[in-house]
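Secondary and tertiary structure notes
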Amino acid sequence: MKFQLKTLTPAQACTEKSDALLILLPSQAKSDKASKASWPLAQTVQGAQASGDFEDKAGKVLTLYGAAGVASRVAVVMSAGKSVDKNVAKNVRDAFAAGMAALKGRSVKKLTVVLGDESQSQHLPIVMQAIADATYVYTATKGTGTKDKSGRMLAQVTVGVADSVKAKAAFAHGQALVAGMDFAKEWANRPANYATPTMLGEAAKSLAKAHPAVLCEVLGPSAVAKLGMGSFMSVARGSNEPLRFIVLKYMGGAKTTAPTVLIGKGVTFDTGGISLKGGAGMDEMKFDMCGAASVLGTFRALAELKPKLNVIGLIPATENMPSGHATKPGDVVTAMDGQTIEVLNTDAEGRLILNDALVYAKRFKPAAVVDIATLTGACGIALGAVRAGLFSTNDALAAELHNAGERALDLCWRLPLDDEYAEGLKSNFADVANVSDRQGGAVTAAKFLERFAKDYPWAHLDIAGVAWKGGREKGSTARPVGLLLEWLLAK
Ligand code: BES
Ligand code: MN
Ligand code: ZN
């Protein structure tokens, strides 16, 4: 799917020959002026509004077929809601989600979209994301002969704005975001037998090969053993698939600038290990590498946009399997920094791979470290699918991430890290246990990680509730690529 930016008024957009045309009306305060401006659908829209057939509310659309003066087959006029509404970005997203829904099932290869007023063009990343989300097609394991095999039908999107020069940065951000989210979805959605730790390593390497701005190194079992990552290795023990520790580097900034480190949980399948999970819905544990996928996606976006930033990506990748070699409840393992851990529950494996990555991150003398993980079912219970859990030992970093999430509409919410939450992690046989009681499970998991993240500003995003959808719409959301990219670009 290719995006193209153009200066277009709604009137000019009507003359573009596309399969479909999406027109975002100016926000209401300006619509008087705009409705006086002559464009082919002005009267139709006014009439529909006056008769109550087209409410001026974000998410309401008017779909027209073969309209006079419109070169495209289908035109969808979208309300932008009232400009007095607080969240303009959300209105723009709702409008485009509804506009794209109106095109569902139609044969649209070429699409033109046009934004009615200049202030809307700052929201291009959200517009382009909505278009990409609505047209994404998973292909990797579809058989030949099925129509899904060919992927997205939409090939060409012309984005019309009032001033294409002023909108250039937002457009480039949007392009990078879409490339990054598509990449994250691709890997997150793959079944575990098509996304083994080895294959994730290969995916990272080919990303680096295709984009020289990205460097990649992949460590295997012997290198990881040499580093002393006994905690990470204890999770991989039960699997026949060898673990991988993926190191990505994007060094677009000054050599002297301390990098930001992103760490993604890469459990390519989580059975729970000896503390085996129940069978119902276990297939969804192929999504337990969505943190890793979000790091890969963010690097894909950086490769596209080439900002002046230094970013390191770390992905511990492994399966969590039961077997004769698997770690047993009660086993004590030693992390890279020497802390010993009593593994009371082998299903609390995410924290046992992230901790070694957190220790490894020290060597980069990072400005900040953010880990992203489908860490606890408890976080999904607490916050549902709307907001990810945000934990941080640094108020400024927490505020930056929270605010980036608000701007990108990729939301998170800060949860506490009081020391009292760590009480239950005390062990009689090691420095720390890997689980506490069930209460406050998202927080106790974060308290465990905090022990390994004392040397730099650190934040943890628990994306267990938001990283994928279940049911009919089962699939990756690519979250929080939007948040991470927005945060990095604001630096
Ligand atoms: N990957 C899971 C967390 C998870 C579960 C994410 C369901 C999304 C949906 C994680 O490894 C896990 O199993 N966590 C346990 C922790 C518990 C044993 C303390 C959990 O959440 O039940
Ligand atoms: Mn688990
Ligand atoms: Zn897990």
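What you see is a predicted model; the values in this text were computed from it and never measured.

A few words now on the overall build of the chain. What the chain contains, in helices and strands, is 15 helices and 20 strands. The C-alpha radius of gyration computed for the chain amounts to 24 Å, which stays within 12% of the reference 23 Å derived for 491 residues, consistent with globular compactness. With respect to the three principal axes, the spread of C-alpha positions in the chain is 75 × 50 × 45 Å. Taken across its 491 residues, the chain has 56% of its residues classed as buried.

Turning to the site of ligand 1, a few remarks are in order. Taken together, 16 residues form the shell around ligand 1, and within it K277, D288, D347, E349 and G377 come nearest. Here an oxygen atom of ligand 1 sits 2.9 Å away from a polar atom, N or O, in the side chain of D270. K277 is positioned such that a nitrogen or oxygen atom in its side chain is 2.8 Å from an oxygen atom of ligand 1. The protein chains hide 75% of the 510 Å² of surface that ligand 1 would expose on its own. Of the residues assigned to the shell around ligand 1, the class counts are five nonpolar, four polar and seven charged.

As a further point, take the packing of helix α11 (residues 350–361) against helix α14 (residues 441–450). The N-to-C vectors of α11 and α14 enclose an angle of 30°; their axes lie 9 Å apart at closest approach. Relative to α14, the element α11 lies roughly parallel. Considering only the axes of α11 and α14, their crossing is right-handed. Residues R351, L352, L354, N355 and L358 of α11 touch α14, and the partners they reach there are A445, F448 and L449. Of the residues assigned to the contact of α11 with α14, the class counts are six nonpolar, one polar and one charged.

Moving on, we come to the packing of aromatic side chains. According to the stated counting rule, one finds five aromatic pairs in the structure shown. Taken together, a centroid distance of 4.9 Å and an interplanar angle of 70° make the contact between F245 and Y360 edge-to-face. One end of the pair, F245, is in strand β8 (residues 244–251); the other, Y360, is in helix α11, with 115 residues separating them in the sequence. The exposure class of F245 is buried, given its relative accessible area of 0%. Taken together, the ring pairs in this structure connect F232, F245, Y360 and F364 into an aromatic cluster. Just above the ring of W187 sits the side chain of R190; from NZ or CZ to the centre is 4.1 Å.

Turning next to the coordination of the manganese ion (ligand 2). Surrounding the manganese ion (ligand 2) are the protein donor atoms D270 (OD), D347 (O), D347 (OD) and E349 (OE), which sit 2.1 to 2.2 Å from the metal. Coordination at the manganese ion (ligand 2) is irregular: its six donor atoms span angles of 72 to 169° at the metal. Positions of the donor residues of the manganese ion (ligand 2) along the chain correspond to the pattern D-x76-D-x1-E. The zinc ion (ligand 3) is placed at 3.2 Å from the manganese ion (ligand 2), the two being bridged by D270. A residue pair is termed long-range when its members are at least 10 positions apart, and D270 in strand β10 (residues 266–270) and E349 in the loop between β13 (340–342) and α11 qualify at 79 residues. Here D270 matches E349 in class, with each residue buried.

Here we come to the sheet that holds strand β4 (residues 74–78). Pairing is mixed across the open sheet formed by six strands, whose spatial order is β1-β6-β5-β2-β4-β3. The open sheet has two free edges, formed respectively by β1 (2–7) and β3 (61–65), since each of these has just one partner strand. For this sheet, the mean inter-axis angle between neighbouring strands, taken without regard to orientation, is 15°. Of the strand pairs in this sheet, β1 and strand β6 (residues 156–161) are connected by six bridges, and their pairing is parallel.

Turning our attention to the domain arrangement of the chain. The domains assigned to the chain are domain 1 (2–139 + 148–162) and domain 2 (179–489). At the junction of the two partners, domain 1 supplies 10 residues and domain 2 supplies 10 residues. Between domain 1 and domain 2, the buried area comes to about 860 Å², and carbon and sulfur atoms account for 50% of it. The largest share of the area that domain 1 buries against domain 2 comes from Q129, Y136 and Y138, three residues that together contribute 52% of it. Applying the counting criterion to the domain 1 and domain 2 interface returns two salt bridges. Its salt-bridge partner being D182, residue R152 comes within 2.7 Å of it at the nearest N-O pair. Put simply, domain 1 and domain 2 have three residue pairs in polar contact (both at pLDDT 80 or more) between them. Counting only elements with at least two residues in the side of domain 1 that touches domain 2, the list comes to α4 (88–102) and α5 (124–135). Taken together, the residues of the side of domain 1 that touches domain 2 break down into four nonpolar, two polar and four charged.

Take unusual backbone geometry next. Excluding glycine, residues mostly carry a negative phi; peptide bonds, for their part, are mostly trans. Between R479 and P480 the backbone carries a cis peptide bond, its omega angle lying at 0°. Residue position: P480 is located in the loop between β20 (475–476) and α15 (481–489). The backbone of K306 shows a phi angle near 50°, a positive value even though the residue is not glycine. Summarising the element assignment, K306 is placed in the loop between α10 (290–305) and β11 (310–320). We classify K306 as exposed; its relative accessible area is 55%.

Reading guide: rules and limits
- One numbering rule holds for all chains: residues counted from 1, following each sequence as written.
- Chain letters start at A and ligand numbers start at 1, both assigned in the order the entries are written.
- Per-residue local features of the predicted model are confined to residues with pLDDT of at least 70, and side-chain atom pairs are confined, for both listing and counting, to 80 or more; whole-chain, interface and lining totals are unaffected and use all residues.
- Remark: hydrogens and water are excluded; side-chain values derive from all non-hydrogen atoms of the structure.
- Each helix is a run of H or I in the DSSP string that is no shorter than four residues. Each strand is a run of E no shorter than two, and both are numbered from the N terminus.
- Restricting the calculation to C-alpha atoms gives the radius of gyration, and the globule rule supplies 2.2 Å times the number of residues raised to the power 0.38.
- Buried means the residue's accessible area, taken with a 1.4 Å probe over protein chains only, is under 20% of the maximum for its type, while exposed means over 50%, and partly exposed covers the values in between.
- Any residue with a non-hydrogen atom lying within 4 Å of a molecule or strand is treated as near it.
- The term polar contact refers here to a pair of N or O atoms within 3.5 Å; inside protein, the definition further demands a hydrogen-donor-capable atom paired with an acceptor-capable atom, and it admits residues adjacent in sequence only when both atoms are side-chain atoms.
- Residue exposure ignores everything except the shown protein chains as possible cover, and the areas themselves are Shrake-Rupley values with a 1.4 Å probe.
- All residues other than Ala, Val, Leu, Ile, Met, Phe, Trp, Tyr, Cys, Pro, Asp, Glu, Lys and Arg, Gly among them, are scored as polar; the first ten of these are nonpolar and the last four charged.
- Geometry is summarised by axes, namely lines fitted to C-alpha atoms with helices restricted to the contacting stretch, and by angles between N-to-C directions that run from 0 to 180 degrees.
- Oblique is the label for any angle not under 35 degrees, not over 145, and not in the 65 to 115 range, which are roughly parallel, roughly antiparallel and roughly perpendicular in turn.
- Each crossing is labelled by how the near helix is turned from the far one, with a counterclockwise turn of less than a right angle marking it left-handed and a clockwise turn marking it right-handed.
- Two residues form a contact once any of their heavy atoms are found within 4.5 Å.
- For this analysis, a ring pair means two rings from Phe, Tyr or Trp (six-membered ring only for Trp) whose centres lie within 6.5 Å, classed as stacked if their planes differ by under 30 degrees, edge-to-face if by over 60, and tilted for the remaining angles.
- In this scheme, Lys NZ or Arg CZ marks a charge over a ring once it lies within 6 Å of the ring centre and within 35 degrees of the ring normal.
- Any N, O or S atom lying within 2.8 Å of the metal counts as a donor, and for Na, K and Ca the limit rises to 3.2 Å; water is left out, so some sites can look incomplete.
- Sites are called tetrahedral only when four donors show all angles between 85 and 135 degrees, square planar or octahedral only when four or six donors show opposite pairs over 155 degrees and all other angles between 65 and 115, and irregular in any remaining case.
- Here, strands pair whenever DSSP counts at least two bridges between them.
- An automatic or database domain assignment is the source of the domain bounds shown.
- Accessible-area loss on putting two parts together, using a 1.4 Å probe and summing over both, is the definition of buried area adopted here.
- One speaks of a salt bridge when a side-chain nitrogen belonging to Lys or Arg is within 4 Å of a carboxyl oxygen belonging to Asp or Glu.

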